[in-house]
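# Remarks on the overall topology
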Amino acid sequence: MDQFNLTIGKLSDQTGVKIETIRYYEKIGLMPAPPRTESGRRLYDDVLADRLCFIRRGRELGFSLDDIRALLGLEDRKPTCAEVFEITSTHVEMIRTKISDLKKLERTLSTVAKGCSRNRTPDCAIIKTLFS
């Protein structure tokens, strides 16, 4: 267990992933259960730290946990480059759709905000629009 020298707190500090999140990733199988000391403390090595960084970065990029599971090859086998490309392309398309939806939302809210008289009466065009 010499190489397993990171406690969960140190792993959290090193990777920027909260302790509760690390435990959750272990529970759902994204992170393997680490070895434990006789007193039950989890111990991690650099390989597990790298894996956790991969998961964190994938989440930062908006990949779902299922996508990350597939990218890590946790289902049956490591994915091929073509499979990774497919997962990524699907994700990019979802991002483009969200961007389009957000642009529509921004246009709608900007138009509604322009109709606001900004006075002290409770009669507000923005509230009326949200109710319609």
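Residues numbered from 1 in each chain as written. Predicted model: local features only at pLDDT ≥ 70, side-chain atom pairs only at ≥ 80, totals over all residues. Heavy atoms only, no water.

### A closer look at the UniProt feature "domain: HTH merR-type" (unreviewed entry) in the protein chain
Mapped onto the present numbering, the UniProt feature "domain: HTH merR-type" (unreviewed entry) falls on residues 5–74. Structurally, residues 5–74 comprises 57% helix and 0% strand, and the distance from its first C-alpha atom to its last is 25 Å. (UniProt positions renumbered as here; feature names shortened; annotations may be inferred. Helix = DSSP H or I, 4+ residues; strand = E, 2+ residues; numbered from the N terminus.)

### Topic: the packing of aromatic side chains
Between two aromatic rings, the relevant description is the distance of the centres plus the angle of the planes. All chains considered together, the criterion is met by one aromatic pair. Here the aromatic rings of Y24 and Y25 are separated by 6.2 Å at their centres, their planes lie at 50 degrees, and the arrangement is tilted. Residue classification places Y25 among the buried positions, given a relative accessible area of 7%. (Phe/Tyr/Trp six-rings, centres within 6.5 Å; stacked < 30°, edge-to-face > 60°. Buried < 20%, exposed > 50% of the residue type's maximum accessible area, 1.4 Å probe, protein only.)

### What about the environment of G62?
Its location among the elements puts G62 in the loop between α3 (46–60) and α4 (65–72). Separated by 29 residues in sequence, G62 and H91 have C-alpha atoms that sit 8.0 Å apart.

### Brief notes about the pattern of salt bridges
Following the criterion strictly, the structure yields five salt bridges and no others. With a shortest N-O distance of 3.1 Å, E60 and R56 are connected by a salt bridge. One end of the pair is E60 and the other is R56, both in helix α3 and four residues apart, which spans about a single turn. On the basis of relative accessibility, which here comes to 25%, the residue R56 falls in the partly exposed class. The closest approach of N and O atoms between E83 and R77, which form a salt bridge, is 2.7 Å. For E83, a relative accessible area of 30% gives the class partly exposed. (Salt bridge = Lys/Arg side-chain N within 4 Å of Asp/Glu carboxyl O.)

### What about the packing of helix α1 (residues 8–15) against helix α2 (residues 19–27)?
Where α1 meets α2, the axes come as close as 9 Å, and the angle between the chain directions of the two elements is 105 degrees. One finds that α1 runs roughly perpendicular with respect to α2. Contact with α1, carried on its side by I8, G9, L11 and S12, involves I19, I22 and R23 of α2 and no other residues of that element. When its residues are assigned to classes, the contact of α1 with α2 shows four nonpolar, two polar and one charged. (Axes fitted to C-alpha atoms, helices over the stretch in contact; angles between N-to-C directions. Parallel < 35°, antiparallel > 145°, perpendicular 65-115°, else oblique. Contact = heavy atoms within 4.5 Å. Nonpolar A, V, L, I, M, F, W, Y, C, P; charged D, E, K, R; others polar.)

### With respect to the side chain of T7
By the element assignment, T7 lies in the segment before α1. With sequence-adjacent residues up to four places away left out, T7 is seen in contact with R41, R42, L43 and Y44.

### Here's the deal with unusual backbone geometry
Even without glycine at this site, R118 takes up a positive phi of about 60 degrees. Mapped onto the fold, R118 is located in the loop between α5 (81–114) and α6 (125–131).

### Let's talk about a nonpolar patch on the surface
Taken together, the side chains of L102, L105 and L109 present a nonpolar region at the surface, about 290 Å² in accessible area. Within the secondary structure layout, L109 lies in helix α5. (Patch = residues over 30% accessible without salt bridge, like charges linked within 9 Å, V, L, I, M, F, W, Y side chains within 5 Å. Areas by Shrake-Rupley, 256 points an atom, 1.4 Å probe, with all protein chains shown as cover.)

### Digging into α4
Looking at α4, one finds that the buried residues are D67, I68, R69, L71 and L72. Buried residues along α4 sit against α3 and α5. One or two steps after α4, the chain reaches G73, where phi turns positive at roughly 75 degrees.

### A few points about α2
Listing the buried residues of α2 in full gives I22, Y25 and E26. On an axial view of α2, the arc spanned by its buried residues comes to 100 degrees, and they lie on one face. Counted as exposed and oriented over 90 degrees from the buried face of α2: E20 and K27. In this structure, the buried side of α2 is in contact with α1, α3 and α4. (Arc of directions from axis to C-beta.)

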